[in-house]
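Here's the letter readout for the chains.
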Amino acid sequence: MDPIALFNEWYQLELQESKLDIPSACCLSTIGLDGYPNARFVSFREVKNNRFVFTGSLASRKGIEASTNTKVALTFWWTATECQIRIQGNAIKISETDAKTYFGSRKRSAQLVSLISQQGKTMEDISKLEKEFHKLEVSMDTSKIPTPKNWGGFAIQPIRIEFLKFNSNRFHNRVVFHKLKKGWKRENLQP
C-alpha cells in the first residue's frame with residue numbers, strides 16, 4: 001500500500017466531510033534555533049511529487065528554522081473523520097516559480113498583508129500595520145500584487161508517515177510507514 005495515496009484518500013474524505021473554514025490546517029513542528037521544538041499551524045497546500053507542501057514567509061521563525069534544520073514534522077488532526085496523520089521528513093525549499101504560483105492563489109488581503117508584515121517580529125501597535133495595509137489596498141486597487149522576496153515554501157520529503165483512525169472502543173487503528181530505498185515498510189501499531 002502506498003502511504004501517499006492513502007493520505008490523499010483520507011484528505012479528500014476530510015475535505016468532503018469537514019465544516020471547518022480551513023480544513024487544510026496542520027501543525028508544523030520544527031527544531032528551534034535554541035534547540036527547543038517549535039509548533040504552529042500552517043495551511044497545507046498539496047502533495048506534489050510525493051512531498052507535502054506548505055508556504056509562507058521564509059524570514060519567519062518557521063522559515064528560518066526549516067532552513068537551518070530541515071528535519072520537520074507535520075501533524076494533521078481531522079475532526080470530521082476522526083483521523084490523525086503524523087509525517088516526519090526533510091524540508092526542501094520550493095522553487096521560485098512554485099512560490100509565485102502559490103502566492104498568486106492566495107486571497108488578495110493575505111497577499112497585501114504578506115507585503116507589509118515582517119511575520120513574527122515584535123511591534124508597538126497593530127494600528128500602524130492596519131493603516132499601511134489600507135494605504136496599500138487603495139494604491140494597488142486593481143494591480144497584480146508582486147510576490148515578496150522573502151515569500152516561499154517548503155516541500156517535505158517524508159521518511160515516516162503514521163495513520164491513526166480513532167475508534168470509540170479505544171482500540172484505534174494505527175499503522176506506520178517507513179521510507180526505504182525502494183518503497184515503504186508498513187507496520188501495525190498498538191493503540
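Above this note sits the structure.
Report on the accompanying structure. Every chain begins its residue count from 1, and numbering advances along the sequence as written. Predicted model: local features are reported for residues with pLDDT of at least 70 only, side-chain atom pairs are reported and counted for 80 or more only, and whole-chain, interface and lining totals are derived from all residues. Based on all heavy atoms of the structure, the side-chain values leave hydrogens and waters out of the count.

1. Focus on the overall build of the protein
Numbering goes from the N terminus for both helices and strands, where a helix is a DSSP run of H or I of at least four residues and a strand is a run of E of at least two. Regarding its fold elements, the protein presents five helices and eight strands. Each helix (α) and strand (β) of the protein, taken in turn from the N terminus, gives the series α-β-β-β-α-β-β-α-α-α-β-β-β. In terms of principal-axis extent, the alpha carbons of the protein reach across some 55 × 35 × 30 Å. Accessibility here uses a 1.4 Å probe with only protein chains present; expressed as a share of the type maximum, an area under 20% marks a residue as buried, one over 50% as exposed, and anything in between as partly exposed. The proportion of buried residues among the 191 residues of the protein is 37%. Pairs at least 24 residues apart make up 61% of the contacts formed inside the protein by residues separated by at least 6 positions. Contact between two residues is taken to exist if any of their heavy atoms lie within 4.5 Å; hydrogens are not considered.

2. What to know about the pairing of strand E5 (residues 83-93)
A pair of strands is labelled paired if DSSP reports no fewer than 2 bridges between them. When strand E4 (residues 71-78) meets E5, the two strands line up antiparallel, connected through eight bridges. Note on E5: the bridge partner recorded for Lys71 is Asn90. Taking the residues between adjacent antiparallel strands as the criterion, E4 and E5 are bridged by four residues, where Glu82 takes a positive phi near 55°. Pairing of E5 with strand E6 (residues 151-165), which is carried by 11 bridges, proceeds in the antiparallel orientation. Among the inter-strand pairings, Gln84 is bridged to a residue of E6, identified as Leu164.

3. Overview of the nonpolar core
Within the largest apolar cluster, 27 residues are counted, with the highest numbers of intra-cluster contacts made by Phe7, Phe52, Phe76, Ile85 and Phe163. Counting residues per element, the ones that place at least two in this core are helix H1 (3-17), strand E1 (25-31), strand E2 (37-48), strand E3 (51-57), E4, E5, E6 and strand E7 (173-179). A total of five residues in this core trace back to one element, the largest contributor, which is H1. In contact with Ile85, not counting residues within four places along its chain, are Phe7, Trp10, Leu74, Thr75, Phe76, Trp78, Ile161, Glu162 and Phe163. Note on terminology: a nonpolar core comprises buried Ala, Val, Leu, Ile, Met, Phe, Trp, Tyr and Cys residues joined through side-chain atoms within 4.5 Å.

4. As for helix H4 (residues 108-116)
Within the sequence span of H4, burial applies to Gln111, Leu112, Ser114 and Ile116. Contacts from the buried residues of H4 go to helix H3 (96-104), helix H5 (126-139) and E6.

Functional significance is not addressed by these values, which are geometric in nature.
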